[in-house]
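Chains, contacts and geometry: an overview
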Amino acid sequence: MRRIALIGCPGAGKTTLARALGDQLDLPVIHLDRHFWKPGWVETPREPWQKHQKKLLSGDRWIVDGGYHATLDIRLPRADTVLCFDFPRWRSYWGVARRWMQHHGQTRPDLGEGCPERLDPEFLRYIWNFPRDIRPKVFDKVAQYRDGKRVEVFRAPLDVRRFVAAL
């Protein structure tokens with residue numbers, strides 16, 4: 001495991017696992033949210049975002065943390081390991097609520113400067129609709145790039161703990 005992509009719904013625990021794996025495997029961690037969001041929660045436009053992501057993933061060793069299903073074609077071909085969080089939506093809501101309580105009004109270390117933690121209605125709708133609108137696209141992309149890769153699907157936090165313990 002030298003190039004690991006963590007994907008799934010926001011709030012599922014991708015960032016937490018990325019940090020733990022980075023420490024355990026001595027791999028640099030790339031938090032895509034830190035690079036995508038500009039101060040005031042301004043999105044990076046599509047073309048510069050794709051170019052920047054390619055540059056971020058040009059190295060031989062990394063863990064990349066982030067959903068961004070529209071750019072899976074950049075990450076998945078380069079990854080040798082794909083870790084998919086496929087939790088029920090209530091777990092993602094719980095993760096987002098816990099994160100909000102911990103960082104309310106502050107910028108998390110995995111976010112760009114000037115992006116304080118918040119609960120945005122559009123973001124909460126995205127999580128609600130993720131199983132219907134985004135999940136099928138993510139798993140189609142994973143299936144497309146699956147050959148020659150280690151793919152793990154976590155359906156509960158216990159799956160994540162077992163994976164980490166087995167390393």
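Please read these numbers as outputs of a predicted model, since none were measured by experiment. (Residues numbered from 1 in each chain as written. Predicted model: local features only at pLDDT ≥ 70, side-chain atom pairs only at ≥ 80, totals over all residues. Heavy atoms only, no water.)

1. A word on the sheet that holds strand S5 (residues 62–65)
As summarised here, the arrangement of the five strands in space is S2-S5-S1-S6-S7, forming an open sheet in which the pairing is parallel. Either end of the sheet is taken by a strand with one partner, and the two such strands are strand S2 (29–31) and strand S7 (150–154). Neighbour-to-neighbour, the strand axes of the sheet open up by a mean angle of 15°, direction not taken into account. Relative to S7, strand S6 (residues 81–85) is paired through five bridges, and the arrangement is parallel. The residue bridging threonine 81 from the neighbouring strand is arginine 150, located in S7. (Pairing = 2+ DSSP bridges. Helix = DSSP H or I, 4+ residues; strand = E, 2+ residues; numbered from the N terminus. Axes fitted to C-alpha atoms, helices over the stretch in contact; angles between N-to-C directions.)

2. A few points about the packing of aromatic side chains
Taken as a whole, this structure holds 10 aromatic pairs when the rule is applied. Measuring from centroid to centroid gives 4.9 Å for phenylalanine 36 and tyrosine 68, while their planes differ by 55°, and the two rings are tilted. One end of the pair, phenylalanine 36, is in helix H2 (residues 32–36); the other, tyrosine 68, is in the loop between S5 and helix H4 (72–78), and 32 residues separate them in sequence. On the numbers, 5.3 Å between centres and 55° between planes, the contact of tryptophan 49 with tyrosine 68 is tilted. Of this pair, tryptophan 49 sits in helix H3 (residues 46–56) while tyrosine 68 sits in the loop between S5 and H4, and the two are 19 residues apart along the sequence. When the ring centre of phenylalanine 139 is taken as reference, the NZ or CZ atom of arginine 135 above it lies at 4.4 Å. (Phe/Tyr/Trp six-rings, centres within 6.5 Å; stacked < 30°, edge-to-face > 60°. Lys NZ or Arg CZ within 6 Å of the ring centre and 35° of its normal.)

3. As for the packing of helix H5 (residues 89–103) against helix H6 (residues 121–144)
Helix-helix packing is described using two parameters, namely the angle between the two axes and the distance between the axes. The N-to-C vectors of H5 and H6 enclose an angle of 155°; their axes lie 9 Å apart at closest approach. Judged on the interaxial angle alone, H6 and H5 are roughly antiparallel. Here H5 and H6 pass one another in a crossing that is right-handed. On H6, the residues touching Arg89, Ser92, Tyr93, Val96 and Arg99 of H5 are Phe123, Leu124, Ile127, Trp128 and Pro131. Its residues assigned to classes, the contact of H5 with H6 comprises seven nonpolar, one polar and two charged. (Parallel < 35°, antiparallel > 145°, perpendicular 65-115°, else oblique. Left-handed = near helix turned anticlockwise from the far one by under 90°. Contact = heavy atoms within 4.5 Å. Nonpolar A, V, L, I, M, F, W, Y, C, P; charged D, E, K, R; others polar.)

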